[in-house]
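# Observations on the three-dimensional arrangement
Next come the chains, spelled out residue by residue.
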Amino acid sequence: MAKRKILTDNDPTLRTVCRPVPRITPRVITLLDDMVETMRYANGVGLAAPQVGVLLRAVVIETEPGVVHELINPEIIETSGEQEGSEGCLSLPGRSGHVKRPNYVKVKALNRNGEEYVLEGTELLARAICHETDHLDGHLYIDFADYMYEPEEEERVSPRLRKHARKHER
Ligand code: NI
């Protein structure tokens, strides 16, 4: 496994629509492993392949420590309810915004063995599924945030982001 560089800010790769993973090769497995390592190193709860410069439809999510969801070619098939809350992105370090998301999401994807499965999530997991699958279509949360937090407000709202910001400064 290796840590990869996370693309940030105005990198055009973050705005590109990714193509489906045609076949799960050893290279794809390595990509998933590297994405998990990179996400954990950066203290994130999710990471999408375009964030490490790979234009394939693959994401990893770990909203509950130790429980990693790998979604290849994910497709959201059902949503319901609504939640409001603060959201950040490893590709937009030091920032966060107020974003409405469905409170329940059902997504269909392939796992690393090429088997189709369904993942259901509420609250933070639902938010992460939406955020990460958005990345695959070149969308960032800032596109539909109701408003962005001021840096001092951001610290109050999300101590985790403060940790991120410090890490990125080093
Ligand atoms: Ni993100």
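Quick note: structure is the one above.
In what follows, the accompanying structure is described. (Residues numbered from 1 in each chain as written. Predicted model: local features only at pLDDT ≥ 70, side-chain atom pairs only at ≥ 80, totals over all residues. Heavy atoms only, no water.)

Let us look at the packing of aromatic side chains. What the rule picks out here adds up to 1 aromatic pair. Considering the side-chain rings of tyrosine 147 and tyrosine 149, the 5.7 Å spacing of their centres and the 85° angle between planes classify their relative orientation as edge-to-face. With relative accessibility at 11%, the residue tyrosine 149 sits in the buried group. (Phe/Tyr/Trp six-rings, centres within 6.5 Å; stacked < 30°, edge-to-face > 60°. Buried < 20%, exposed > 50% of the residue type's maximum accessible area, 1.4 Å probe, protein only.)

Our focus in this paragraph is the sheet that holds strand β2 (residues 58–64). To summarise the sheet geometry, strands pair through backbone hydrogen bonds and adopt either a parallel or an antiparallel arrangement. Taken in spatial order, the 5 strands of this open sheet run β1-β2-β3-β6-β7, and their pairing is antiparallel. Edge positions in the open sheet fall to β1 (46–48) and β7 (116–122), since each of these has one partner strand only. For this sheet the average axis-to-axis angle between neighbouring strands, irrespective of direction, equals 40°. Two strands pair when backbone bridges link them, and β1 and β2 are joined in this way by 3 bridges, in the antiparallel orientation. The residue bridging glycine 46 from the neighbouring strand is isoleucine 61, located in β2. Of the strands in this sheet, β1, β2 and β3 (67–80) are in contact with helix α1 (residues 26–41), which crosses β2 at around 40°. Along the sheet face, helix α2 (residues 123–135) touches β1, β2, β3, β6 (104–110) and β7 and points at about 125° away from the line of β7. (Pairing = 2+ DSSP bridges. Helix = DSSP H or I, 4+ residues; strand = E, 2+ residues; numbered from the N terminus. Axes fitted to C-alpha atoms, helices over the stretch in contact; angles between N-to-C directions. Contact = heavy atoms within 4.5 Å.)

The nickel ion binds to the protein through Cys89 (SG), His131 (NE2) and His135 (NE2); the donor distances cover 2.0 to 2.2 Å. Going along the chain, you hit the donors of the nickel ion in the pattern C-x41-H-x3-H. With histidine 131 and histidine 135 both in helix α2 and 4 residues apart, the pair spans about one turn of that helix. Residue classification places histidine 131 among the buried residues on the basis of a relative accessible area of 6%. Looking at histidine 135, the relative accessible area reads 2%, which means it is buried. (Donors = N, O, S within 2.8 Å, 3.2 Å for Na, K, Ca; no water.)

Let us look at the pairing of β3. Remark: a regular strand shows side chains that alternate across the two faces of the sheet. Where β2 meets β3, 5 bridges bridge the pair, whose relative direction is antiparallel. Bridging from a neighbouring strand, isoleucine 61 pairs with histidine 69 of β3. Remark: 2 residues form the turn of the hairpin made by β2 and β3, two consecutive strands paired antiparallel; glycine 66 in that turn has positive phi of roughly 95°.

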